[in-house]
Every structure is written in C-alpha cells, then in structure tokens.
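Structural characterization, general
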Amino acid sequence: MKSIPITLIEGDGIGPEIASVMKKVAQATQLSLVFEPALAGQAALEAYAELLPDRTLKQIKQNKVALKGPLTTPVGKGFRSINVLLRKTLKLFANVRPVRSIPQISPYQGVDLVIMRENTEDLYAGIEHEIAPGVVESIKVITRVASTRIAQYAFEYAMKNGRKRVTSIHKANIMKLSDGLFLECARKVSKAYPKIQYDELIVDNACMQLVSKPQQFDVLLLENLYGDIVSDLAAGLVGGLGLVPGANIGKKCAIFESVHGSAPDIAGQGKANPTAMILTFAMMLEYLGKGKVAKQVEAAVFKTLANKRFRTPDLGGRASTEELGEAVVRAL
Ligand code: NAI
Ligand code: MG
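Residues numbered from 1 in each chain as written. Chains lettered and ligands numbered in written order. Predicted model: local features only at pLDDT ≥ 70, side-chain atom pairs only at ≥ 80, totals over all residues. Heavy atoms only, no water.

What about the packing of aromatic side chains?
In total, this model carries four aromatic pairs according to the counting rule given. Aromatic side chains Phe 155 and Tyr 193 sit 5.2 Å apart centroid to centroid with 20° between the ring planes, which places their arrangement in the stacked category. Separated by 38 residues along the polypeptide, Phe 155 in helix α5 (residues 144–160) and Tyr 193 in the loop between α6 (178–190) and β9 (197–202) bring together distant segments of the chain. With a centroid separation of 6.0 Å and 45° between ring planes, the pair formed by Phe 155 and Tyr 198 is classed as tilted. Taken as a pair, Phe 155 in helix α5 and Tyr 198 in strand β9 lie far apart in primary sequence, 43 residues in all. Take Phe 155 and Tyr 198: they sit in the same class, and that class is buried. (Phe/Tyr/Trp six-rings, centres within 6.5 Å; stacked < 30°, edge-to-face > 60°. Helix = DSSP H or I, 4+ residues; strand = E, 2+ residues; numbered from the N terminus. Buried < 20%, exposed > 50% of the residue type's maximum accessible area, 1.4 Å probe, protein only.)

Shown next, in the form of structure tokens:
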C-alpha cells in the first residue's frame, strides 16, 4: 500500500498528549499513514524564531492534508492568532464542525447538526487601530466572494451528506450592510438547491433556540465570529469541547483540528479528553477517501465511551487521556 504523508502539528497545552493517543489509534487502523511533524506558534518561535515558518507552510501545501492540535494565542496583547493566519494564508475557507449527541453522555440527546463557519474574514481580518486615545476600531470585512463561497460549500455539503436544511445565522437587523450582504449571497445560492430548505435566524434568538430545542437544527451557516461562538455553545450541548471534531477545508489543502483550544488549565495532567482529536482524525480519513475505516474509528470511540470506566474527568469519569485512548485502540 502506498503511504500517505500527513503533516502533524501537535500544538500547545494538551496538544502533545492528545496527539500521542491519536497516533496510537492511527496505527491501529493499519493504514499506511506517515505523520510528518511540523511546528507553528510558540514552539516554532522557540525553534526557528518564527511563528509560522515557511517550511511548515510548504510541507502542508505539499502533503495537502494536515492534522493540527491547538495553538495558544496571547489574550489582549502579543502575537496574532496563528490558527487564523494558517486558515487565511492557505485559503481554508470552510470550517466544518459536526456536532452530534453521544448516547448516555450528552446532556441533550438527538442533536445532529453541522456548523459551517466562514473562515477567512469578518472581524478576524485583524484590522484594528486606535484612532484617538481611548478610541479604537476593529473592522468587520464581509465580501461577496467569501460569503458566496461558504454558502455554496454549505449547500453542496448538505446535498452530499443527506442534510435537509440550511439556516443562516446573522445580525442583519443591526449590521445591515455586512450581515445583509452575507444573507443576500446565501439567499442567491439557496435558489440553486430547491431540495434543501433554507431559512434564517437572528443570532441571539438562534442561541436561545439552540439551548431550548437543538434537535431542530441541521446545517448552520455562519460568519466567522458567530461561527466561533456558536461552535462552543453547540459543543456544550453534547458534552463539551472534549468531544467535537472539525476541519478547515480549502480548494488545495485541508487542516483538520478540533473545536477546543490548548486547555492550559488541565495541560500536562493526563486529564484531557482525546475524543475530539480522534474524531477529527476520523474526519480526515473520510476526506482521504477512507470512509469505511473512519466509521470503524468512530464506532470504536462510541463503544468505548459507553463504558463509564473509560470516561475522562470532563465527562464525569476518572480515566486518563491514555486509558481512554488505549480502550479505543482495543475496541478497534
Ligand atoms: P479551551 O478550548 O482551551 O478550553 C476551554 C475549557 O474546556 C477549559 O476548561 C478546558 O479545560 C476544557 N477543554 C478543552 N478541550 C478539552 C479536552 N480535550 N478535554 C477536556 N477538557 C477540555 O479554550 P480557552 O481556555 O478559552 O483557550 C485556551 C487557549 O487555546 C487560548 O490561547 C486560545 O487562544 C487557544 N485556542 C486555540 C484554538 C485552536 O488552536 N484552534 C481554538 C480555541 C482556543
Ligand atoms: Mg473557538
């Protein structure tokens, strides 16, 4: 079998712990995957005096697929997010995050929705300046090109994955121009997909609806900032950030990474839940055309989590990161 090279950025905080477990699961699939390590963020700064080294970008472009742990971003000061920079530089325009209930674990059962987050612009464009002492501006950039591209991706995804409904989430009652344009593009795209129901919700109401009746939702289409916030909210519905996988998809390459961050509060303690990382690995397999093995990995995770003995502290259990991982390997 020809080996498949994959760039692996283990990341900061809990990154190395969950990556180590993921690699064991990958080995158990018996696919010929070769993980090629690469650095970004703080670790790259220490090794190469650069936050996003050219060699890392080059390697991702060459391999076309990367798996990435979380990267820490300083709050309110310091360097800009390398996660955002990677997505923008590599034009990974779609951030796809399937959120599903897990039997016996998720506080809400029957949730099965997909967050489709625009990944390259909005307030994450990073255009900020002080116009006078005590007065700053952050500029929200919304373009027709990016809004149409993510809407098209959402509807295509819905068609391919048997989804029935796409809901745009917005605040166009207040941001008439920017969110107005986002909606205009989504509406236009929706016309080409008569089989998919299309509707819209204002973001505050959407949050209320999500915590009262999340089962009603299917594909959620959002700008970058709303997508970021609603992703964590949705993760909370099904049992937390330790469970939700994700992918950043572009035309030329893709970076697979979970929704959660580097979790500095539990890093290095063997407490991190590796489930999100393992399910992210499964999403990557699906992308690589190994859908059958991806399903096996998912089934092994769900079978393992059904046993209370293998649940990590975030799920109310006492298992370590490694114990959960080893159980998944055995189930596989
Ligand atoms: P976080 O997602 O790291 O943690 C939020 C809470 O969830 C914490 O209590 C943490 O312990 C828990 N948690 C997260 N992942 C978990 C897991 N796998 N197992 C068990 N518990 C888990 O968010 P926070 O604390 O706001 O951010 C920490 C750092 O991560 C920041 O520097 C932030 O910029 C960065 N970050 C990076 C992301 C990325 O690389 N894509 C995404 C989100 C945040
Ligand atoms: Mg986030």
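Structure shown, so let's carry the discussion forward.
As for the environment of Leu 237
Note on placement: Leu 237 falls in helix α8 (residues 224–237). For Leu 237 and Ala 66, which are 171 residues apart along the polypeptide, the C-alpha to C-alpha distance reads 28 Å. If we ignore the near neighbours within four places in the chain, the residues touching Leu 237 are Ser 106, Pro 107, Tyr 108, Leu 210, Val 211 and Pro 214. (Contact = heavy atoms within 4.5 Å.)

What about the domain arrangement of the chain?
For the chain, the domain assignment lists domain 1 (1–96 + 241–332) and domain 2 (112–237). Domain 1 and domain 2 are separated by 25 Å when their C-alpha centres are compared. Contact residues are listed per partner, giving 15 residues for domain 1 and 17 residues for domain 2. Summing the contributions of domain 1 and of domain 2, the shared interface buries around 1,400 Å²; its carbon and sulfur component is 60%. For the domain 1 face of the interface with domain 2, the top three residues by lost area are Phe 93, Asn 95 and Val 96, together amounting to 42%. (Domains from an automatic or database assignment. Buried area = accessible area lost by both parts, 1.4 Å probe.)

Re the side chain of His 170
When you line up the elements, His 170 lands in strand β8 (residues 165–170). From its side chain, His 170 meets the backbone nitrogen of Ala 172 in a polar contact 2.9 Å long. Non-local contacts of His 170, meaning those with residues more than four positions away in its chain, are made with Asp 179, Leu 183, Glu 200, Leu 201, Ile 202, Val 203 and Tyr 226. (Polar contact = N/O pair within 3.5 Å; in protein donor to acceptor, adjacent residues only side chain to side chain.)

Considerations on the pattern of salt bridges
This model, assessed by the stated rule, comprises 16 salt bridges. Three or more residues joined by partner-sharing salt bridges are found here, namely Asp 122, Lys 140, Asp 179 and Glu 223. (Salt bridge = Lys/Arg side-chain N within 4 Å of Asp/Glu carboxyl O.)

Regarding the packing of helix α10 (residues 291–305) against helix α11 (residues 321–331)
At a closest axis distance of 8 Å, the pairing of α10 and α11 adopts a crossing angle of 125°. Looking at the two axes, α10 sits oblique to α11. Where α10 crosses over α11, the handedness of that crossing is right-handed. Contacts between α10 and α11 pair Ala 300, Val 301, Thr 304 and Leu 305 from the former with Leu 324, Ala 327, Val 328 and Ala 331 from the latter. The class makeup of the residues in the contact of α10 with α11 is seven nonpolar, one polar and no charged. (Axes fitted to C-alpha atoms, helices over the stretch in contact; angles between N-to-C directions. Parallel < 35°, antiparallel > 145°, perpendicular 65-115°, else oblique. Left-handed = near helix turned anticlockwise from the far one by under 90°. Nonpolar A, V, L, I, M, F, W, Y, C, P; charged D, E, K, R; others polar.)

Looking at the sheet that holds β8
Strand order in the open sheet made by the ten strands is β2-β1-β3-β12-β11-β4-β5-β10-β8-β9, with mixed pairing throughout. With one partner strand each, in any of the chains shown, β2 (33–37) and β9 form the two edges of the open sheet. Strand after strand, the sheet turns through a mean of 25° between neighbouring axes, direction not considered. Bridge count for strand β11 (residues 247–249) against strand β12 (residues 254–256) is three bridges, and the pairing is antiparallel. (Pairing = 2+ DSSP bridges.)

A short note on the packing of α5 against α6
Across the interface, α5 lies against α6 with an axial gap of 8 Å and an inter-helix angle of 40°. By the criterion of interaxial angle, the relationship of α5 to α6 is oblique. As α5 runs across α6, the sense of the crossing is right-handed. Contact residues: α5 offers Arg 144, Ser 147, Thr 148, Ile 150, Ala 151, Gln 152 and Phe 155, while α6 offers Leu 181, Phe 182, Glu 184, Cys 185, Ala 186, Val 189 and Ser 190. For the contact of α5 with α6, the class distribution of residues is eight nonpolar, four polar and two charged.

Considerations on the site of ligand 1
Residues in contact with ligand 1 amount to 22 residues; listed here are only the nearest, Leu 71, Gly 261, Ala 263, Asp 265 and Asn 273. At a separation of 3.0 Å, an oxygen atom of ligand 1 approaches a polar side-chain atom of Asn 83. For ligand 1, whose unbound accessible area comes to 810 Å², protein coverage reaches 71%. A per-class count over the shell around ligand 1 returns nine nonpolar, eight polar and five charged. (Near = heavy atom within 4 Å. Areas by Shrake-Rupley, 256 points an atom, 1.4 Å probe, with all protein chains shown as cover.)

Some remarks on the nonpolar core
Core analysis: the biggest nonpolar cluster contains 65 residues, and Leu 67, Met 116, Leu 221, Phe 256, Phe 281 and Leu 285 have the highest contact counts within it. Ranked by the residues each element gives to this core, the list is headed by helix α9 (residues 275–287), at eight residues. Among the domains, domain 1 (1–96 + 241–332) and domain 2 (112–237) are the pair contributing at least three residues each to this core. Discounting chain neighbours no more than four positions away, the residues touching Leu 67 are Ile 6, Thr 7, Leu 8, Ile 9, Met 22, Phe 35, Phe 256, Met 277, Thr 280, Phe 281 and Met 284. By size, the runner-up hydrophobic cluster in this structure holds 20 residues, among which are Val 111, Ile 169, Val 238 and Val 259. (Core = buried A, V, L, I, M, F, W, Y, C linked by side-chain atoms within 4.5 Å.)

Observations concerning α9
Between the first and last C-alpha of α9 there are 18 Å, a value that for 13 residues agrees with the 18 Å anticipated at 1.5 Å per step. For α9, the buried fraction is high: eleven of the 13 residues fall into the buried class. If you check which residues of α9 are buried, you get Thr 275, Ala 276, Met 277, Ile 278, Leu 279, Thr 280, Phe 281, Ala 282, Met 283, Met 284 and Leu 285. One or two steps after α9, the chain reaches Gly 289, where phi turns positive at roughly 85°. (Expected span 1.5 Å × (residues − 1).)

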